[in-house]
Amino acid sequence: MQLLDFNGIALPDRAVAYEIPATVAVSRMTIAGAFIGGYALGAHHETRKYRVEGVYLRGGTTPNDADTKIDQLRASMGVTGLLRQKMRDGSIRRCNAWLISISPVYNNLSAASTAQPVAIDFEADSFWYSDSLIVIEPSSSLTMLAINEGNAITRQIKFTLSPAANIGALGLACGEIVLDYDAPLLTSDTLVIDVAAGTVTKNGVNAYGNTSRPETQMALFELASGSKNMIWASSAVTGRIEYREAWI
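The residue numbers shown here count from 1 along each chain, following its written sequence. The model is predicted, so local features are restricted to residues of pLDDT at least 70 and side-chain atom pairs to those at 80 or more, both for listing and for counting; the totals for chains, interfaces and linings are taken over all residues. The side-chain numbers reported here are obtained from all heavy atoms of the structure, hydrogens and water having been left aside.

A word on a nonpolar patch on the surface
What makes a patch is a set of residues exposed beyond 30% relative accessible area and free of salt bridges, joined within 9 Å when like-charged and within 5 Å when nonpolar (Val, Leu, Ile, Met, Phe, Trp, Tyr). The method behind every accessible area is Shrake-Rupley, applied with a 1.4 Å probe, and residues are considered shielded solely by the protein chains displayed. Counted as salt bridges are all cases of a side-chain nitrogen of Lys or Arg within 4 Å of a carboxyl oxygen of Asp or Glu. Taken together, the side chains of Leu145, Ile147, Met230 and Trp232 make up a nonpolar region of the molecular surface, amounting to roughly 360 Å² of accessible area. Starting at the N terminus, helices and strands are each numbered in turn, a helix being any DSSP run of H or I of at least four residues and a strand any DSSP run of E of at least two. Those elements giving two or more residues to the nonpolar patch turn out to be strand 12 (141–148) and strand 20 (227–243). Within the secondary structure layout, isoleucine 147 lies in strand 12.

Structure (structure tokens):
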């Protein structure tokens, strides 16, 4: 695996080493009077910290290339950005990240050579998503197949739908996941459900208050990991569904 770039700024790819760990924290409660053991209350994914150590090379005609990249990265510190990595199969994944540290090494070797050593640290969200957006375009459809080949549930989903006929309400379901829009929709209306952003609009106007879902369902919608997800609509719809596969 290789960390490629952050906000479009290329990361070092020479004499390079990467740290891309994944950890979870387990919450436990001790049992009174017991020497060992306890109740495991659950686990959650911790905030990820990634590091790249390598060198930028200065070109003969562009001797300030390394300094330019370092300046660009420093300008991106503390700002949410896209960190991308390349997998061994050539696929690209992305995650939301923050650049928290950049440490160039300035010494006699870096001054005399074309190499500028640097270490860069990121703090990121728990999940990686496919860099390529997957798009489904239903046309007067009641069912839509969404395949998530990742190893994690994805909520990077956006529905842009119009009913094929005037309806009093619209329901969407995928397995046990249910989302209802409990208001009329005309064929000229456009309903946009942005799951990642947690927003629902009709014709560009906030319509979140018209939605309902089970009390135990936190997200507006989600697609199960490593499976073929069949999305069912209560009435035929036309439009666009776009999503990204997810990995831990």
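Considerations on the packing of aromatic side chains
Each aromatic pair joins two rings of Phe, Tyr and Trp (for Trp, the six-membered one) with centres within 6.5 Å, and gets the label stacked for planes under 30 degrees apart, edge-to-face for over 60, and tilted for any other angle. A full pass over the atoms with the stated rule returns 3 aromatic pairs. With 5.2 Å between their ring centres and 85° between their planes, phenylalanine 159 and phenylalanine 221 make a pair best called edge-to-face. In this pair, phenylalanine 159 sits in strand 13 (residues 157–163) while phenylalanine 221 sits in the loop between strand 19 (211–212) and strand 20, placing the two residues 62 residues apart along the sequence. Of the two residues, phenylalanine 159 and phenylalanine 221, both sit in the buried class. Stacked on the ring of tryptophan 247, the Lys or Arg arginine 93 has its end atom at 3.9 Å from the ring centre. The buried label applies to any residue whose accessible area, calculated with a 1.4 Å probe on protein chains only, is under 20% of its type's maximum; exposed applies above 50%, and partly exposed to all values in between. Charge over a ring is defined by NZ of Lys or CZ of Arg lying within 6 Å of the ring centre and within 35 degrees of the ring normal.

A short note on the environment of valine 135
Assignment of secondary structure puts valine 135 in strand 11 (residues 134–136). A relative accessible area of 35% means that valine 135 is categorised as partly exposed. Note: C-alpha distance between valine 135 and asparagine 107 (28 residues apart in sequence) is 50 Å. When checking whether two residues touch, look at their non-hydrogen atoms; a contact exists if any pair is within 4.5 Å. Ignoring anything within four residues of it in the chain, the contact list for valine 135 reads Arg240, Ile241 and Glu242.

Observations regarding the environment of glutamine 217
Following the sequence through the fold, glutamine 217 ends up in the loop between strand 19 and strand 20. A relative accessible area of 10% means that glutamine 217 is categorised as buried. Sequence separation between glutamine 217 and valine 178 is 39 residues, and the spatial gap between their C-alpha atoms is 8.2 Å. Glutamine 217 has contacts with Glu176, Ile177 and Val178, leaving out every residue within four places of it along the chain. Any N or O atom pair separated by 3.5 Å or less is treated as a polar contact, with the protein-specific requirement of one donor-capable and one acceptor-capable atom, and with residues adjacent in sequence counted only for side-chain atom pairs. A distance of 3.2 Å separates the side chain of glutamine 217 from the backbone oxygen of leucine 220, its partner in a polar contact.

Overview of the side chain of arginine 244
With respect to the secondary-structure elements, arginine 244 resides in the loop between strand 20 and strand 21 (246–247). Among buried charged residues, arginine 244 stands out as having no salt bridge; its nearest opposite-charge side chain is aspartate 131, 5.0 Å away. Polar side-chain contacts of arginine 244 include one of 3.1 Å to the backbone oxygen of serine 130. All tallies of charge rest on Lys and Arg as positive and Asp and Glu as negative; His and the ends of each chain are not included.

Some details on the side chain of glutamine 116
Residue position: glutamine 116 is located in strand 9 (residues 115–124). Judged by its relative accessible area of 0%, glutamine 116 is buried. Among the polar contacts made by the side chain of glutamine 116, one reaches the main-chain carbonyl oxygen of valine 105 at a distance of 2.8 Å.

Section: the nonpolar core
Formed by 28 residues in total, the largest nonpolar core has its most connected members in Phe159, Ile193, Phe221 and Ile231. At the level of elements, strand 12, strand 13, strand 14 (170–174), strand 15 (177–181), strand 16 (191–194) and strand 20 are the ones that each hand at least two residues to this core. Looking at this core, the element that brings in the most residues is strand 20, giving 5 residues. Leave out the neighbours within four places in its chain, and isoleucine 193 touches Ile157, Lys158, Phe159, Leu172, Leu179, Thr199, Val200 and Leu220. We define a nonpolar core as any set of buried Ala, Val, Leu, Ile, Met, Phe, Trp, Tyr and Cys residues linked to one another through side-chain atoms lying within 4.5 Å.

Remember that the coordinates give geometry; whether it matters functionally is a separate question.
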